[in-house]
Number of protein chains: 2
Amino acid sequence: MHASEAATSNPTAQRRERGGRQARREQRSHGQDGPGRPYIVRNIPTYDVMSEENLRRIEQTADRILAEIGIEFRDDPIALDHWRRAGARIDGELVRFEPGMLREILSTAPSEFVQHARNPAKSVVIGGRNVVFSPAYGSPFVMDLDRGRRYGTIEDFRNFVKLAQASPWLHHSGGTICEPVDVPVNKRHLDMVYAHIRYSDRPFMGSVTAESRAEDSIEMARLVFGRDFVDRNCVILGNVNVNSPLVWDATMTTALRAYARANQAAVVVPFILGGAMGPVTNAGAIAQSLAETMAGCALTQLERPGAPVIFGNFLSSMSLRSGSPTFGTPEPAIGSMIVGQLARRLNLPLRCSGNFTTSKLPDAQAMNEGTMSMLAAVHCGANFILHSAGFLDGLLSMSYEKFVMDADFCGALHTYLDGVTVDDNQLALDAFREVGPGSHFFGCAHTMANYEHAFWDSGIADNEPFEKWEAAGSEDAATHANRKWKAMLAEYEAPPLDEGVDEALKDFIERKKAAADDAWY
Amino acid sequence: MHASEAATSNPTAQRRERGGRQARREQRSHGQDGPGRPYIVRNIPTYDVMSEENLRRIEQTADRILAEIGIEFRDDPIALDHWRRAGARIDGELVRFEPGMLREILSTAPSEFVQHARNPAKSVVIGGRNVVFSPAYGSPFVMDLDRGRRYGTIEDFRNFVKLAQASPWLHHSGGTICEPVDVPVNKRHLDMVYAHIRYSDRPFMGSVTAESRAEDSIEMARLVFGRDFVDRNCVILGNVNVNSPLVWDATMTTALRAYARANQAAVVVPFILGGAMGPVTNAGAIAQSLAETMAGCALTQLERPGAPVIFGNFLSSMSLRSGSPTFGTPEPAIGSMIVGQLARRLNLPLRCSGNFTTSKLPDAQAMNEGTMSMLAAVHCGANFILHSAGFLDGLLSMSYEKFVMDADFCGALHTYLDGVTVDDNQLALDAFREVGPGSHFFGCAHTMANYEHAFWDSGIADNEPFEKWEAAGSEDAATHANRKWKAMLAEYEAPPLDEGVDEALKDFIERKKAAADDAWY
């Protein structure tokens, strides 16, 4: 594909031309057979739960953490040099920031940007009122009902890329959907990025586990999109984690700088498990998250002013009986809403985490915790929702069954975020006139004119009467999901890929692999 | 108990005396072993998703439905007489209302009232920022993992009353928790009301299936609370349904008037399955719901000005493939938020429905749909959340396992609705000073001082590592819940009941039963 195609494929621009309300109706989600959308433009406001006064107190606490305690930037002299030149106070590797300094640096970061897909119709806009659903990221294990839990392989990885591509309700191919542990660590990124490009035509994420791997990932994107295009447009994301509390290590800062240098978007994410990597109190953990994220986002702007960057967060609670992390609990859910307010005050696109649980099965616990967590992510105004589908087992396992359940819930959220349209047709006064008291609306003209697109139609939920459900085998949702992912894989068709691009990618991978010994850790 | 005890037991008044923030912290939910609270005073705002302009268009549509189409009040000449004297236009049984008329009548209804429990410490305040969780209502079937689905009995009914009483996270004993089909229909209400009084000391609901049964229910409450006290205070609720679209039948209006006449609170609820009892479009169904509820609530004020009344709603979508109702879908979830805004504009306490699903098992579907629905209920500002625990099978079955799962989620919502406290301790700046970059917060002074009450601790969720969970038998949430409800019933202890009151109730029931032949329909 060419730069010009991608540039004109901005779905937001297309949507604006057609008019918001009409376009939303055209794109209304019709359920399991729906065509999907490249991303969601939300039509309901964010859920702002905290007062201006309390938001300011959290910001002031973040400013004091940054000014009085500081953040260590370990083993990355270039990062330290950036900070020195920006006027931070440096003491060894500890960097302290005057209040206001990071906000000033962050003013060059875009509030919204396009991440281009190799299929221009699937490019996404990240920021503003837009919502992008991306699969879960980073688990060493995979699970399904047939084989239980096992280490992930490159075949599993490809399967999940295919399932994401096949779902109309995800918008992004994600990154390390699972760890392909059958591929050496230092070659894994090549096979993962290739799988995203080959088996999906959606936007995707690259490696961050070493600066060279980040650069390889970006180089592969250049083979697809062209060098000049990549220098001017975002085509790949890299998800970098803070080493909380208050440490950025060189693995992450060099990867972060590699993405920024190439004008690609780093996603900056502190992972704070309250009571371990942060305080056990929510307000303090949020202030810490704000401080750490601001520092990381600002570093991208020192590397390349104007580079796209995403303000991320990942709050979690823990079981105070066992010390285990907990997910889908009320504290991080309410915390996400506040982080959303803080990110909007910085005018940065927001990443939140979606569908989390500590359950080891795709069961009631999994979907109770996951739904709580996912709804918090959409309510808080997150623009890029990583971990939208698949996680079980407290970040450790990707589940095939949960993946398709979660993707189906992502579909429901398309309808939810459309809100309620108010116009003469939707208000239906004529239908009341036609039907009158005591009758029913089944066959009335208004129902006939509107029923096809009226309600979300889940591809997982069983809405049949008990007797019919029982006669069909009394299947639970997990068993249904098991059948569904197998059918999706069986019916999957790879999107077309230019043969020359494919050859160039394969050649690149072959050369890179040949130049390296296997490394398994 | 005496009226004076109940009057001084208002937990809101107690809370105000102790100061909001401190009281909230004292009452912070500590998870599975927590003491619970009589009800929740929410500390996060409602989620208002619709603009003023669109809310007004919905109100105008409701006004036009009421003025141009009207509502039939069937077979209740007293109701028609009330409307005639209030100035409505009557045409046979069809009643039409000038815009503004019902709002004027509703101005006498209280925005908030106490429903007294026989244990004064468990009285609830309904309205304002208060949230009361009440069990599910009305299913003919019950289910558990051991015995599957079967008709409910009075033993099941008592079991659910006991489980609600034993849960720290429910606030209300509910009403027809399940239909005890082994008791004749015309005697059932006596045994149900007695079970609520005998096995629970929480507030409860009475019968509405006939005017005489409503009066019997209220009479039994008088035996507990005293005739004068009941005339001055709300001690029992009655849940009355509109016969949508746009019909109120005599069974419901005579029951509604019986509650109002006795100064007890009717809960007024249209059940609108879009495309069947209302239009297939959400805005129209909401306008209809508003019209029907306003008419029912206003009728209570004509029967007795100042009587407490609750503005209810129950929106549902349907499967357009099978025609079956669907629950926990996005349309009613977003619709609830709008109904909440409309109820607040009327200054009436709001009832919404909680934890709904069409799933036939306590599985992933059940908790995905239930959580979506329950969160909508708390976000929309509902004050009385009926169906907070137990439903499966599209309103048809109470599940023992789902009951305890849902009650546990109600616990999580206590923490959620507390929001995030912002003060020096919660902001934890001293903890950051103590720990600094790169260390951990496990044993620091701030963690030690705060960890005990820091995080919600679920009594259902399994947060253990995979290996430990597997070694313990690889139990799913439903199996865990199965063990839990059995343990709760085994450990249940009945709250004390004055022997004189108990005798008076038994005597009343005996006389009523003796005077009636068995009726099974």
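Residues numbered from 1 in each chain as written. Chains lettered and ligands numbered in written order. Predicted model: local features only at pLDDT ≥ 70, side-chain atom pairs only at ≥ 80, totals over all residues. Heavy atoms only, no water.

## Here's the deal with the overall build of chain A
What counts here: Secondary structure is summarised from DSSP: a helix means a run of H or I of at least four residues, a strand means a run of E of at least two, and numbering begins at the N terminus for each. When a residue's accessible area, from a 1.4 Å probe over protein chains only, is under 20% of the maximum for its type it is buried; when over 50% it is exposed; and in between it is partly exposed. Pairs of residues are marked as contacts when any of their non-hydrogen atoms sit within 4.5 Å. Areas reported as accessible are Shrake-Rupley estimates using a 1.4 Å probe. Residue values count occlusion only from the protein chains shown. His residues and chain termini do not enter the charge count, which takes Lys and Arg as positive and Asp and Glu as negative. Here the site of a charge means atom NZ of a Lys, CZ of an Arg, CG of an Asp or CD of a Glu.
The helix and strand inventory of chain A stands at 21 helices and 20 strands. Oriented by its inertia axes, the alpha-carbon framework of chain A measures out at about 80 × 55 × 55 Å. Looking at chain A residue by residue over its 521 residues, the buried ones come to 67%. Residue pairs in contact within chain A that sit at least 24 positions apart in sequence constitute 76% of those at least 6 positions apart. A total of about 17200 Å² of accessible surface is found on chain A, and carbon and sulfur atoms cover 48% of it. Taken as two groups, the 52 positive and 66 negative side-chain charges of chain A have centres that lie 3 Å from each other.

## Some details on the interface of chain B and chain A
Put simply, the rule reads: Computed with a 1.4 Å rolling probe, the buried area is the accessible surface lost when two parts are put together, summed over both parts. Salt bridges are defined by distance alone: a side-chain nitrogen of Lys or Arg within 4 Å of a carboxyl oxygen of Asp or Glu.
Tallying the contact residues gives 116 residues for chain B and 116 residues for chain A. Interface of chain B and chain A: buried area, both sides summed, is about 9500 Å²; carbon and sulfur atoms make up 68% of it. Our enumeration of links across chain B and chain A arrives at eight salt bridges. The partner of E467(B) in a salt bridge is R149(A), with the nearest N and O atoms 2.8 Å apart.

## A word on the pattern of salt bridges
A pair can form between side chains of opposite charge whenever their charged atoms are brought close. A complete count under the given rule lists 76 salt bridges over all chains for this structure. Its salt-bridge partner being E211(A), residue R261(A) comes within 3.2 Å of it at the nearest N-O pair. Separated by 50 residues along the polypeptide, R261(A) in helix α11 (residues 250-261) and E211(A) in helix α9 (residues 211-225) bring together distant segments of the chain. The class for R261(A) is partly exposed, based on a relative accessible area of 32%. Of the residues examined, E211(A) reaches a relative accessible area of 27% and is grouped as partly exposed. Between K486(B) and D146(B) there is a salt bridge, and its shortest N-O distance comes to 2.7 Å. Taken together, the residues K486(B) in helix α20 (residues 477-491) and D146(B) in the loop between β8 (141-144) and β9 (148-151) connect sequence positions 340 residues apart. You can call D146(B) partly exposed: its relative accessible area is 49%. Here the salt bridges share partners, and the residues they tie into one network are D76(A), E211(A), E215(A), R257(A), R261(A) and E303(A).

## Considerations on the relation of the copies chain B and chain A
For clarity, the cut-off: Superposing copies: least-squares fit, C-alpha atoms only, residues required to have pLDDT of at least 70 in both.
When chain B is brought onto chain A, the operation consists of a screw motion whose angular component is 180 degrees and whose axial shift is 0.0 Å, with 0.0 Å RMSD remaining. The relationship between the two copies is best expressed as a two-fold rotation axis. Residue A364(B), judged by its C-alpha, is the member of chain B lying nearest the rotation axis, at 2.1 Å.

## Observations concerning the sheet that holds strand β3 (residues 89-91) of chain A
Hydrogen bonds between backbone groups are what pair the strands of a sheet, and the pairing can be parallel or antiparallel. Residue and element names in this part refer to chain A. The condition is simple: Two strands qualify as a pair provided that DSSP identifies no fewer than 2 bridges between them. Simply put, an axis is a line fit to the C-alpha atoms, just over the touching stretch for a helix, and the angle between two N-to-C directions goes from 0 to 180 degrees.
The sheet built from four strands is open, its strands ordered β3-β4-β2-β12 with mixed pairing. Among the strands making up the open sheet, the edge pair consists of β3 and β12 (247-249). Averaged over all pairs of adjacent strands, the angle between their axes in this sheet comes to 25 degrees, without regard to strand direction. As defined by bridge partners, strand β2 (residues 71-74) adjoins β12 across three bridges and the pair is classed as parallel. Residue pairing in the sheet places E72 in a bridge with V247 of β12. Against the sheet, helix α4 (residues 52-69) touches β2, β3 and β4 (94-96), its axis set at about 130 degrees to β4. Its contacts with the sheet place α11 against β2 and β12, and it is angled at close to 70 degrees to β12.

## Observations concerning helix α7 (residues 154-166) of chain A
Because each turn of an α-helix spans 3.6 residues, side chains separated by three or four positions in sequence point in the same direction. Residue and element names in this part refer to chain A. As a reminder of what qualifies: Under the convention used throughout, the expected extent of a helix is 1.5 Å for every residue step, that is, one less than its residue count.
The end-to-end C-alpha distance of α7 is 18 Å, a good match for the 18 Å that 13 residues give at a rise of 1.5 Å each. Three or more residues of α7 are buried, namely I154, D156, F157, N159, F160, V161, L163, A164 and Q165. Elements that come into contact with the buried residues of α7 comprise β8 (141-144), β9 (148-151), α8 (185-199), β20 (397-399), α15 (400-418) and α20 (477-491).

## Digging into the packing of aromatic side chains
For clarity, the threshold we go by: Only Phe, Tyr and Trp rings take part, Trp by its six-membered ring, and two of them pair if their centres are within 6.5 Å. Stacked means planes under 30 degrees apart, edge-to-face means over 60, and tilted covers everything else. By the criterion adopted, a ring carries a charge over it if an Arg CZ or a Lys NZ lies within 6 Å of its centre and within 35 degrees of its normal.
As enumerated under the stated definition, the model contains 31 aromatic pairs over all chains in all. Their ring planes at 65 degrees and their centres at 6.1 Å tell us that F314(A) and F327(A) sit as a pair that is edge-to-face. Here F314(A) is found in strand β15 (residues 314-318), whereas its partner F327(A) is found in the loop between β16 (325-326) and α13 (330-346), with 13 residues between them in sequence. For the pair F314(A) and F327(A), a shared accessibility class is recorded, and that class is buried. Aromatic ring contacts, followed pair by pair, group F271(A), F314(A), F327(A), F356(A) and F391(A) into a single cluster. Over the ring of F466(B) we find R149(A), and its NZ or CZ is 3.9 Å from the ring centre.

## Digging into the side chain of T176(B)
As for its position among the elements, T176(B) is in the loop between α7 (154-166) and α8 (185-199). By relative accessible area, which is 9% here, T176(B) ends up buried.

## Points about the domain arrangement of chain A
Definition in use: Throughout the structure description, domain borders are defined by an automatic or database domain assignment.
Splitting chain A by domain gives domain 1 (3-45 + 107-417) and domain 2 (428-454). Taking only C-alpha atoms into account, the centre of domain 1 of chain A sits 42 Å from that of domain 2 of chain A.

## Some remarks on the packing of helix α11 (residues 250-261) of chain B against helix α12 (residues 282-303) of chain B
Residues and elements named next belong to chain B. Under the convention used in this document: If an angle is under 35 degrees, it is roughly parallel; if it is over 145, roughly antiparallel; if it lies from 65 to 115, roughly perpendicular; otherwise it is oblique. Note: crossing handedness is left-handed where the near helix turns anticlockwise from the far helix by less than a right angle, and right-handed where it turns clockwise. Residue polarity follows a fixed list, in which Ala, Val, Leu, Ile, Met, Phe, Trp, Tyr, Cys and Pro are nonpolar, Asp, Glu, Lys and Arg are charged, and the others, Gly among them, are polar.
Close contact between α11 and α12 brings their axes to 9 Å; oriented N to C, the two are set at 50 degrees. Considered as vectors, α11 and α12 are oriented oblique to each other. For the pair α11 and α12, the crossing hand works out as right-handed. Residue-level contacts link T253, L256, R257, A260 and R261 of α11 to G296, L299, T300 and E303 of α12. By residue class, the composition of the contact of α11 with α12 is three nonpolar, three polar and three charged.

## Some details on the sheet that holds strand β19 (residues 391-392) of chain A
Residues and elements named next belong to chain A. Spatially, β9-β8-β20-β19 is the arrangement adopted by the four strands of the open sheet, whose pairing is mixed. With partners counted over all chains shown, the strands left at the sheet margins are β9 and β19, one partner each. Taken together, the three bridges between β8 and β20 define a ladder with parallel strand orientation. The residue bridging V142 from the neighbouring strand is M398, located in β20. Along the sheet, α15 makes contact with β8, β9, β19 and β20, crossing β20 at roughly 65 degrees.

## Digging into a nonpolar patch on the surface
The test is simple: Like charges are joined within 9 Å and nonpolar side chains (Val, Leu, Ile, Met, Phe, Trp, Tyr) within 5 Å, but only among residues with over 30% relative accessible area and no salt bridge; these make up the patches.
A contiguous nonpolar surface patch, about 250 Å² in accessible area, is contributed by M448(A), Y451(A) and L320(B). Looking at where M448(A) falls in the secondary structure, it is placed in helix α18 (residues 445-450).

## What about the pairing of strand β17 (residues 350-353) of chain B?
Residues and elements named next belong to chain B. Here β17 shows no split at all, with L350 and C352 on one side and R351 and S353 on the other all buried. Sheet topology places strand β14 (residues 309-312) next to β17; two bridges connect them, and they run parallel. Bridging across to β17, F311 finds its partner in L350. In the sheet, β17 pairs with strand β18 (residues 384-386) via three bridges, with the strands oriented parallel. In the sheet register, R351 faces β18, and the bridge partner there is F384.

## Notes on helix α4 (residues 52-69) of chain B
Residues and elements named next belong to chain B. Between its first and last C-alpha, α4 extends 25 Å over 18 residues, near the 26 Å set by a 1.5 Å rise per residue. For α4, the full list of buried residues reads N54, L55, I58, E59, T61, A62, D63, I65, L66, A67 and I69. One or two residues past the end of α4 sits G70, with phi positive at roughly 90 degrees.

## Considering the side chain of H172(B)
Residues and elements named next belong to chain B. Note the following rule: Think of a polar contact as two N or O atoms within 3.5 Å of one another; within protein, one of them needs to be a possible hydrogen donor and the other a possible acceptor, and neighboring residues in sequence only count if both atoms come from side chains.
Mapped onto the elements, H172 comes out in the loop between α7 and α8. For H172, a relative accessible area of 0% corresponds to the buried category. Looking at H172, its side chain comes within polar contact range of the side chain of S134, at 3.4 Å. Among the polar contacts listed, one links the side chain of H172 to the backbone nitrogen of G174, at a separation of 3.1 Å. Leaving out residues up to four positions away in the same chain, H172 has contacts with Q115, V132, F133, S134, P135, A164, R202, P203, F204, M205, L237 and F384.

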